[in-house]
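Given next are the chains, with one letter for each unit.
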Amino acid sequence: LAIASIAACGAFAAVCGSSPATAATIGGIAIPEMKKYGYKDDFICGTVAAGGLLGILIPPSMGFILFGLLTEQSIAKLYVAGILPGLLLMGFFVLVCFLVARSGGGAERSATPVLTGAREKLASVTGLTDILVVFLLVIGGLTLGFFSPTEAGAAGVLGIVVVAMVRRVFTWKRLWVAMLRATATTGMIVIIFIGAMLFTNFLAASMLPFSLSEFFANLSVSPLLVMAGILLLWIVLGCAMDSIAMIMLTVPVLYPIVAALGLDPIWFAVLGVMSIEAGLITPPDGMNLYIVARIAKVPLHVVFRGVIPFILAVVVAMVLVLLFPQIALVLPKLL
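One structure accompanies this document, and this report is about it.

Moving on, we get to the pattern of salt bridges. Applying the stated criterion across every chain, the model contains four salt bridges. Linking D41 and K35 is a salt bridge whose minimum nitrogen-to-oxygen distance equals 3.1 Å. Among the residues examined, D41 registers a relative accessible area of 29% and is labelled partly exposed. Between R167 and D130 there is a salt bridge; the shortest N-O distance is 2.3 Å.

See the structure below:
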């Protein structure tokens, strides 16, 4: 059941670019079921909070959009670059669930399992058809060059509206609420982006990014070591800062350093999103932790305890992408 929750987070992430939204949506479904079958509260909360991270890594992703705007990289390539690291991270989360469950740390009591046959399993899988269609429409259209990122977003909205009509759950009230929420989110991001652009211009006038770039380029250390230091900085900042604000404030300073060292900007963005998303489950300010604690109605320290093995899984995945850049770059090179 824990592994299924991680898989559900991955599937929902394929049509949602927000980690908190993924954790909240899947948490509302998975947490009551896991409680019913005797899972420990810390394991429940750690699983759902970590699964929510896939929302910002598996495309579409708000993080990649912001990185693309700030570094002037192809958002389509950034989207595609996030697929394999996202699947890798999901695999590590599944492994953590398996190891915790096998060690007996996942459940307080045993519950009688509900056995299902092939027909029931097939019926449940067919429910993913809608998500698969929307994902292929958006990401497939981007990859094949049919859509620009903006057009892909519009195509995704149209696809979801059609799905809602086919399922007979479409109402004008729901459409209006969705438009209001989208407008509020877009307005917030645009205002932050304007501030970030002003900040970038002031930085350029101060010559600070260029001085830092020259300093690090002249250091007799490996560029990988510098990149590891940047990732560590992001993880530490994630303990106390919102992910969007962190991207807007740090990328204009750090990207010139990465460019001066000759590192791939797509690889830089993927590692950046992975480390910044780790902040969403890092105490004391991880947003996913607070969302899951509210849904599960448990004290925060329970969530903090349950998420520790998943934080280690994120670190291991980041190290692999750091040491083997092709994990992030092989798919964009095929475009």
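Still more to cover.
Here we come to helix α16 (residues 287-296). Looking only at α16, the buried set comprises N288, L289, I291, V292, A293 and A296. Looking at the buried side of α16, the elements it contacts are α2 (19-36), α3 (41-51) and α17 (300-323). In the stretch just after α16, K297 is the one whose phi turns positive, near 60°.

Judged by nonpolar contacts, the single largest core of 92 residues is most densely connected at F67, F93, M227, W234 and W267. Contacts of W234, omitting those with residues within four sequence positions, involve F67, M227, M246, T250, V251, L254, F268, G272, S275 and I276.

Where helix α13 (residues 223-237) contacts helix α14 (residues 243-260), the axes come no closer than 12 Å and their chain directions differ by 170°. Looking at the two axes, α13 sits roughly antiparallel to α14. Residues V226, M227, I230, L233, W234 and L237 of α13 touch α14, and the partners they reach there are M246, T250, V251, L254, I257 and V258. Taken together, the residues of the contact of α13 with α14 break down into eleven nonpolar, one polar and no charged.

With that settled, consider a nonpolar patch on the surface. Taken together, L224, V315, V319, L323 and F324 make up a surface patch of nonpolar side chains, about 410 Å² in accessible area. Broken down by element, the nonpolar patch gets its largest block of residues, three residues, from α17. If you trace the backbone, V319 turns up in helix α17. Classification of V319 by relative accessible area gives partly exposed; the value is 39%.

Under the 1.5 Å per step criterion, the end-to-end length of α14 is 25 Å for 18 residues, consistent within 8% with the ideal 26 Å. Of all the bends in α14, the greatest reaches close to 50° and is centred on V251; the proline P252 follows between one and four positions later. Among the 18 residues of α14, 13 are classified as buried, and the element is accordingly described as predominantly covered. G262 sits one or two residues past α14 and shows a positive phi near 75°.

Evaluation of the coordinates by the stated rule reveals zero disulfides. Note on C97: no disulfide assigned, nearest cysteine sulfur contributed by C9 at a separation of 9.6 Å. For C97, a relative accessible area of 2% translates into the label buried.

Bringing unusual backbone geometry into the picture now. One non-glycine residue, R168, lies in the positive phi region at around 60°. Relative to the elements of secondary structure, R168 occurs in the loop between α10 (149-166) and α11 (172-206). At K297, a position not held by glycine, the phi torsion is positive, near 60°. Topologically, K297 is positioned in the loop between α16 and α17. In this structure K297 comes out as exposed when scored by relative accessible area, which is 76%.

With that settled, consider the packing of helix α5 (residues 62-71) against helix α15 (residues 265-278). Two measures define how a pair of helices packs: the angle their axes make with one another and the distance between the axes. Put simply, α5 and α15 touch, their axes get as near as 10 Å, and they point 135° apart. Between α5 and α15, the angle falls in the class oblique. α5 and α15 meet at a crossing whose hand is right-handed. Between α5, through G63, F64 and F67, and α15, the contact on the second element is made entirely by F268, A269, V270, G272, V273 and I276. The residue makeup of the contact of α5 with α15, split by class, is seven nonpolar, two polar and no charged.

Reading the values: rules and limits
- Residues numbered from 1 in each chain as written.
- Predicted model: local features only at pLDDT ≥ 70, side-chain atom pairs only at ≥ 80, totals over all residues.
- Heavy atoms only, no water.
- Salt bridge = Lys/Arg side-chain N within 4 Å of Asp/Glu carboxyl O.
- Buried < 20%, exposed > 50% of the residue type's maximum accessible area, 1.4 Å probe, protein only.
- Helix = DSSP H or I, 4+ residues; strand = E, 2+ residues; numbered from the N terminus.
- Contact = heavy atoms within 4.5 Å.
- Core = buried A, V, L, I, M, F, W, Y, C linked by side-chain atoms within 4.5 Å.
- Axes fitted to C-alpha atoms, helices over the stretch in contact; angles between N-to-C directions.
- Parallel < 35°, antiparallel > 145°, perpendicular 65-115°, else oblique.
- Nonpolar A, V, L, I, M, F, W, Y, C, P; charged D, E, K, R; others polar.
- Patch = residues over 30% accessible without salt bridge, like charges linked within 9 Å, V, L, I, M, F, W, Y side chains within 5 Å.
- Areas by Shrake-Rupley, 256 points an atom, 1.4 Å probe, with all protein chains shown as cover.
- Expected span 1.5 Å × (residues − 1).
- Bend = angle between axes of the 7 residues up to and from the residue.
- Disulfide = S-S within 2.5 Å.
- Left-handed = near helix turned anticlockwise from the far one by under 90°.

Structural measurements only, silent on function.
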